[in-house]
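The primary structure of each chain is shown beneath.
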Amino acid sequence: MPTLDEVLESVGEFDRFQKQTFFVLCLLSAAFTPVYVGVVFLGFIPEHRCFSPGVAELSHRCGWGLEEELRYTVPEWGQHSTSFASHCRRYDVDWNTTGLSCTDPIAAFLGHGNSSAVPLTSCRDGWVYESSGSSLVTEFNLVCEDSWKLDLFQSSVNAGFFIGSVNIGYIADRFGRKFCLLTTILANAICGILLVFVPTYLWILIFRFLQGLVSKGCWTTGYILVTEVVGPRYRRTVGILYQAAFSVGLLVFDAIAYAIPHWRWLQLTVTLPSCFFLLYYWCLPESPRWLISQGKNDKAMKIVSDMAKKNQKMPSHLEDIKFEEEDGGKQTPSLIDLVRTPQMRKNTFILMYNWFTSSVLYQGLIMHMGIAGGNMHLDFLYSALFEFPAAFIIIITIDRIGRRYPWAASNLVAGAACLVTALIPEDIHWLKVIAACVGRMGITMAFEMVCFVNTELYPTYIRNLGVMVCSALCDVGGIVAPFVVYRLVEVWQELPLLVFTVLGLIAGGLVLLLPETKGRVLPETVEDVENLHRQGAPKEKQIYLHVQTSEVAHD
């Protein structure tokens, strides 16, 4: 009896049917962008200072321009305009006092001495923001003592990713890819729309967490479905391009955010299209591979028949095909198996660290660019464009050079680029942006490679568990990243980049300790994993003949 992969060779591995499925699921991948990196625009931090009652009237009476007003009335504005005091403290004086000088108004409160002797107080009357739009920061005053709440906003969605991935993965395996996809699309749309209308920060945090709970699982289910309906020759390329569709979403999100600078309208605009994804009920198939695994061969055969008709490839023997049911249940996966033997233990720890590093650097570089000065929208655009070469470099190199060296190089490039970005002076902003974009390309490539190399380093019976456990560190990295960025910039603007440098360089070095999987079939047992580092070509061919018709389905 043939396997599904053998049947796909007859009815089309990547023809019209699969291309349609691939296109509609790429739209889903692109729509995930506002959830994953939305904090850049939804939580934009504009230039701000304390509101001081009476300053506007004094400025009007004296005929000051903005720069004069700031110099005379804001603490440490001159040489230290980005200091904590200039953003979060104001002079504890009454600017409505009569007789204040227009050339040195603070002198009236000194007698003799300098302005540093004037007592300061907190921004108890609020802040003034230099922004034409609005963000979470300006609406809820998430600055100074409350700036950590912005970190929590981004961490909450990553906490949702962490908890939701496991549960959504179970739903996809238990009830099917299509059912899981539609339910998570609906839940994501409802949470995204409700987030627009809730009035308090706490409710925004709750709905953002709920969005995270379903949205990453939705994206992952789409990834699984698109790779399960194509033939084995196209599976890896389709998976990489599905991730590249996320980069297209970055460009679209940047354009929408530029046109709509108010965060609630922006959130509504990027969420409403999700409602149209419910139409996938009529235009997406269930995964025939999942149906076969559930013993529903008749339904799988119906989908394969529809596939053959749309691809205009109808084998004469199609009606007589009976699918081979894969033998399962021989070994029960256990968490201890991930660290039981030396090679498995090494693979697990290195993969966990690389998932963590990829997430911290990817999200961290995006968030750091949003607060680094310059034109935020242009910088975001340039860095997003640099993601596209990453996908094509992977496609070109993995089957020629292998996995290990391009993967290690991408981490090393990302780490080195972060160091260069930190060392470039701010007045050469264009060069700083280029260096940051190179780092973004490197970590994008590393992120995409860890996704599929992870599957190649675990045996069949524990592969899903291995990927789930290791990739969970990605969400832990996402929880940590906003605190690394937003807290460390208060110490020094470039300090997060130095942390990214260390993480990236270590990740690149660790990758070189992993075995090369180019030209190797997926391992069946722990013993196969332990022998991956050995160059046993004849044995490799023998294993290939044994598992070719069944194991490639897990790639």
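Everything here concerns the structure above.
Worth saying up front: this structure is predicted, and the values here are computed from it rather than measured. (Residues numbered from 1 in each chain as written. Predicted model: local features only at pLDDT ≥ 70, side-chain atom pairs only at ≥ 80, totals over all residues. Heavy atoms only, no water.)

1. Here we look at the overall build of the chain
Part 1: A tally of regular secondary structure across the chain gives 26 helices and four strands.
Part 2: Here the chain holds 555 residues, and 54% of them are scored as buried.
Part 3: In the chain, the proportion of contacts linking residues at least 24 apart, taken out of those at least 6 apart, comes to 80%.
Part 4: Working note: accessible area of the chain is about 24500 Å², and carbon and sulfur atoms make up 64% of it. (Helix = DSSP H or I, 4+ residues; strand = E, 2+ residues; numbered from the N terminus. Buried < 20%, exposed > 50% of the residue type's maximum accessible area, 1.4 Å probe, protein only. Contact = heavy atoms within 4.5 Å. Areas by Shrake-Rupley, 256 points an atom, 1.4 Å probe, with all protein chains shown as cover.)

2. Observations regarding the side chain of Glu 228
Part 1: One can find Glu 228 in helix 11 (residues 201-228).
Part 2: On the basis of relative accessibility, which here comes to 12%, the residue Glu 228 falls in the buried class.
Part 3: The contact partners of Glu 228, leaving out residues within four places of it in the chain, are Leu 4, Arg 177, Ser 287 and Arg 289.

3. With respect to the layout of surface pockets
Part 1: Of the pockets and cavities examined, the second largest pocket occupies roughly 1000 Å³.
Part 2: What lines the second largest pocket is a set of 32 residues, among which Ile 45, His 48, His 87, Ile 371 and Gln 493 lie closest to the centre.
Part 3: If you list the elements that add at least two residues to the lining of the second largest pocket, you get strand 1 (47-50), helix 7 (84-88), helix 9 (148-175), helix 18 (342-370) and helix 23 (463-488).
Part 4: Here the lining of the second largest pocket gets three residues from one element, more than from any other, and that element is helix 7.
Part 5: In the lining of the second largest pocket, the residues fall into 17 nonpolar, nine polar and six charged. (1 Å grid on protein atoms, 1.4 Å probe; cavity = no way out; pocket = protein on both sides within 12 Å on 5 of 7 lines; lining within 4 Å. Points joined across faces, edges and corners; volume = space filled by probe spheres on them. Nonpolar A, V, L, I, M, F, W, Y, C, P; charged D, E, K, R; others polar.)

4. Structural notes on the packing of helix 10 (residues 177-197) against helix 13 (residues 263-271)
Part 1: Contact pair helix 10 / helix 13: the axes reach a minimum separation of 9 Å and the direction vectors enclose 165°. On the basis of their axis angle, the class for helix 10 and helix 13 is roughly antiparallel. For helix 10 against helix 13, the interelement crossing comes out left-handed. Of helix 13, the residues touching helix 10 (which contributes Ala 189, Gly 192, Ile 193, Leu 195, Val 196 and Phe 197) are Trp 263, Arg 264, Gln 267, Leu 268 and Thr 271.
Part 2: Looking at the contact of helix 10 with helix 13 residue by residue, the classes come out as seven nonpolar, three polar and one charged. (Axes fitted to C-alpha atoms, helices over the stretch in contact; angles between N-to-C directions. Parallel < 35°, antiparallel > 145°, perpendicular 65-115°, else oblique. Left-handed = near helix turned anticlockwise from the far one by under 90°.)

5. Here we look at the pattern of salt bridges
Part 1: Under the defined criterion, the tally for this structure stands at 18 salt bridges.
Part 2: Between Arg 236 and Glu 456 there is a salt bridge whose closest N-O contact spans 2.7 Å. Of this pair, Arg 236 sits in helix 12 (residues 232-259) while Glu 456 sits in helix 22 (residues 429-456), and the two are 220 residues apart along the sequence.
Part 3: Of the residues examined, Glu 456 reaches a relative accessible area of 5% and is grouped as buried.
Part 4: With its nearest N and O atoms 3.0 Å apart, the salt bridge here joins Lys 302 to Asp 306. Of this pair, Lys 302 and Asp 306 both sit in helix 17 (residues 297-311), four residues apart, roughly one helical turn. (Salt bridge = Lys/Arg side-chain N within 4 Å of Asp/Glu carboxyl O.)

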